[in-house]
Number of protein chains: 2
Amino acid sequence: MTVSKAATVYDVADRAGVSIATVSRVLRSPDAVRPVTRERVLDAVSALGYVPSGSARGLAERRTGVLGLYFPGFDAAEDAPPLDVLSDADAPPFAIVRDDADGDDGHTSMLFLDEVLRGAELEAWKQGFELMVGVGRDDPDRSTVRDMAGRVDGLMVLASSVPDDVLARLARRIPVVVLSGPPRGDHYDHVTVSNAEAMAELTRHVLAQVGDGPLAFLAGPEDSPDGLQRWEGFAAAVTAAGRSLDDVTVLRGDFTRGSGRRAAEELVVSGAPAALISANDQMALGALDVFRGAGIRVPEDLLVTGFDGIEAAALSRPPLTTIRQPMIDLGRAAVQVLARRLESMEAEPVLARLPLQILLRESSQRPS
Amino acid sequence: MTVSKAATVYDVADRAGVSIATVSRVLRSPDAVRPVTRERVLDAVSALGYVPSGSARGLAERRTGVLGLYFPGFDAAEDAPPLDVLSDADAPPFAIVRDDADGDDGHTSMLFLDEVLRGAELEAWKQGFELMVGVGRDDPDRSTVRDMAGRVDGLMVLASSVPDDVLARLARRIPVVVLSGPPRGDHYDHVTVSNAEAMAELTRHVLAQVGDGPLAFLAGPEDSPDGLQRWEGFAAAVTAAGRSLDDVTVLRGDFTRGSGRRAAEELVVSGAPAALISANDQMALGALDVFRGAGIRVPEDLLVTGFDGIEAAALSRPPLTTIRQPMIDLGRAAVQVLARRLESMEAEPVLARLPLQILLRESSQRPS
DNA sequence: ATGAAAGCGCTAACAA
DNA sequence: TTGTTAGCGCTTTCAT
């Protein structure tokens, strides 16, 4: 644990017998320095294990080279058990668990965020930025995101993870790009996807098979913008096909597997439709479970589709047709937009839309 | 895009009619300031949309309040397609894909890192730190991790993502904790798991069922420290049971599903053992596929176990017994260790070992 | 309770 | 090509 009190430019300059300006030059524009001098400086640098202070640089340069990515909070996190590695040193090296669990809800939603993060990190690296991440929690004064805003050159904010007023304030200091979700005014750049259009297309695909057989839609919570857009896409396709929405059985869930199961049970009781369009995968998977149990065959008796493209959707039986968000590309795109913005603050606000992938799988293909 | 040139303490001080020292006080120790004054300052703060500069703070305070997390690179990333959102504005809103893919290799390994990250972020938040993330890539001069080191108060490094010399150098400036993987000397704090012990325990569990029936071990690549530790745990349990390792059929794979399949095919030809212990889940899953195809029943004819606890292991048929790394806790523990270290540089290096979870599932339970 | 002033470590004019 | 020097925006003694 020998952490010496960090060498500075002065130390390096001393040791190399040059001025601090020369040290700085060697690091930032090596060619502006005579090779011999440069060598001497570099030697001093490695001898002292010198690493420039990001804070000092940031202050002098008036830019940090860091981009911030801010996520909505995943509830359960706050009350995670108070792990304490340091005290229980002699814990057993393993624990045995009989595991009969069947898939956890909630957990999965994170996977999307992970992918966005990966995309953002990749692109940030390509563009020469570092990445700082933060998660929105029930922070009374939103201090985290504000702290972040003070440390980064630009901020990427996922959907509704930051309330409007806070966002507006941060945007006065640094550029902000809003990711995924409905546009939030023309003061920010946006990167999003065409939820409604893709859902409409998928609905057309289903309608083409079921003709005017009975339809059910499994909706998300009322306050979900995504859920709403998906419903709108569905509704548009249905009406465009000359059918009335009154014929459609609309069930409301909360995006969890459990709520999907409950909805399906209702359907089983009231008589199964020809197709069930779900606003997300989790609910569709829950429904699939129930249908299997009830002896309703998918896709022979009933077509089912989801939305999101989670991994479990590919592994279900039958594999679930779904629409996949290009999460990695969302992250990458956000960084690109931000990087561009950083170069020209005057340009018009951007609204980039990324294409969704409709993954046709067995659950929506009626056997001919 | 109205990004004004960021207000500073001076602006706030002017507007509130106080000195910059008072502004600073209001923000850092509000009680040291008379309530009326404080109000006046806070008003100015929100009127101006003031957000303190992290760089200036970091410089003055000599600590940034940021922790760094550095991952090994996931190869394929570098040559990701050169996405360009800004140019193709009128791309179609969706694409239709007939998806018959059966599970992708490689991708999954990332999930672990994601969880570590989540744990680290959670704990960083609890401890009042921000988190910066970086991925190790084939960076000639490792500039990314060095940049990070210059910006953070402490660094968490995953396994072998940073070469020894670089690591040693960074550790001269800031505390470093090494996560998961074999200890790398006593200059760093470590947080890791007991690979070998857990594998030994799992092996005992299997041995208890197969008696002295023939055993096969599906090993990872030779140069994998994890793979090695797992083999050692297995070997220890086998010898402790009074059996010779010469009886064991050892197959070598590369941690991919494909290599698991190939190994299983060999086994099918040469005659299946009573149990197959695999060094990771992917390979075990590949093997499971082959056995099913060959009409070998798991667990009736053959027990199979994996290692890692990936999601697909819970969804396979039969569900795969495996050992799960406590990835979230690894992340949390790393932050805890780092935070502790930041308070006392003199304390002895820590080596924290987290317990693994042995998840017993159908694939290793011979029906009685 | 508040203000004045000295840095924190670096970059970037400007001089030499 | 190299050195001198004035900030960058904040925290923190030390006075008052």
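A brief report on the enclosed structure follows. (Residues numbered from 1 in each chain as written. Chains lettered and ligands numbered in written order. Predicted model: local features only at pLDDT ≥ 70, side-chain atom pairs only at ≥ 80, totals over all residues. Heavy atoms only, no water.)

**Overview of the pairing of strand β9 (residues 275-278) of chain A**
Residue and element names in this part refer to chain A.
Phase 1 of the analysis: Burial of β9 is two-sided: the residues A275 and I277 facing one way and the residues L276 and S278 facing the other way are all buried.
Phase 2 of the analysis: Here four bridges tie strand β7 (residues 215-219) to β9, and the two strands are oriented parallel to one another. Residue pairing for β9: F217 is matched across the bridge by I277.
Phase 3 of the analysis: Where β9 meets strand β10 (residues 303-305), three bridges bridge the pair, whose relative direction is parallel. Across the sheet, residue A275 finds its bridge partner in β10, namely L303.
Phase 4 of the analysis: Assessed by its sense of winding, the connection that carries the chain from β9 through helix α11 (residues 281-294) to β10 is right-handed. (Buried < 20%, exposed > 50% of the residue type's maximum accessible area, 1.4 Å probe, protein only. Helix = DSSP H or I, 4+ residues; strand = E, 2+ residues; numbered from the N terminus. Pairing = 2+ DSSP bridges. Right-handed = clockwise from strand over helix to strand, strands pointing away.)

**Brief notes about the protein's contact with DNA strand D**
Phase 1 of the analysis: By nearness alone, 27 residues border DNA strand D, and R25 and T37 of chain A together with V9, S24 and Y50 of chain B come closest of all.
Phase 2 of the analysis: Side-chain polar atom of T22 of chain A to a phosphate oxygen of DNA strand D: 2.7 Å apart, as the coordinates give it.
Phase 3 of the analysis: The set of elements that each furnish at least two residues to the surface near DNA strand D consists of α2 (20-28) and α4 (54-61) of chain A together with α1 (9-16), α2 (20-28) and α4 (54-61) of chain B.
Phase 4 of the analysis: Broken down by element, the residue count for the surface near DNA strand D peaks at five residues, all from α2 of chain B.
Phase 5 of the analysis: When grouped by side-chain class, the residues that make up the surface near DNA strand D number 14 nonpolar, six polar and seven charged. (Near = heavy atom within 4 Å. Polar contact = N/O pair within 3.5 Å; in protein donor to acceptor, adjacent residues only side chain to side chain. Nonpolar A, V, L, I, M, F, W, Y, C, P; charged D, E, K, R; others polar.)

**Considering the environment of V162 of chain A**
All names here are of chain A.
Phase 1 of the analysis: Its location among the elements puts V162 in the loop between β4 (154-158) and α7 (164-171).
Phase 2 of the analysis: Here the alpha-carbon distance between V162 and F71, two residues 91 residues apart in the chain, equals 8.6 Å.
Phase 3 of the analysis: Excluding residues that lie within four positions of it along the chain, V162 makes contacts with Y70, V145, V157, L167 and R184. (Contact = heavy atoms within 4.5 Å.)

**With respect to the relation of the copies chain B and chain A**
Phase 1 of the analysis: After a rotation of 180 degrees and a shift along the axis of 0.1 Å, chain B superposes on chain A with an RMSD of 0.2 Å. Viewed as a symmetry operation, the transformation between the two copies matches a two-fold axis.
Phase 2 of the analysis: The residues that chain B uses at the interface reappear at the interface of chain A in 99% of cases, marking a shared surface. (Least-squares fit on C-alpha atoms with pLDDT ≥ 70 in both.)

**Digging into the sheet that holds β9 of chain A**
All names here are of chain A.
Phase 1 of the analysis: One open sheet holds the four strands; their spatial order is β8-β7-β9-β10, and the pairing between them is parallel. Because the sheet does not close on itself, it has two edges, and the strands there are β8 (249-252) and β10. The sheet shows a mean angle of 15 degrees between the axes of neighbouring strands, direction not considered. (Axes fitted to C-alpha atoms, helices over the stretch in contact; angles between N-to-C directions.)

**What to know about the pattern of salt bridges**
Residue and element names in this part refer to chain A.
Phase 1 of the analysis: Taken as a whole and assessed by the stated rule, the structure comprises 30 salt bridges over all chains.
Phase 2 of the analysis: The salt bridge partner of D289 is R257, with a shortest N-O separation of 3.8 Å. With D289 in helix α11 and R257 in helix α10 (residues 257-270), this residue pair connects regions lying 32 residues apart in the sequence.
Phase 3 of the analysis: Ionic contacts of the salt-bridge type, sharing partners, join the residues R257, R261, D289 and R292 into one network. (Salt bridge = Lys/Arg side-chain N within 4 Å of Asp/Glu carboxyl O.)

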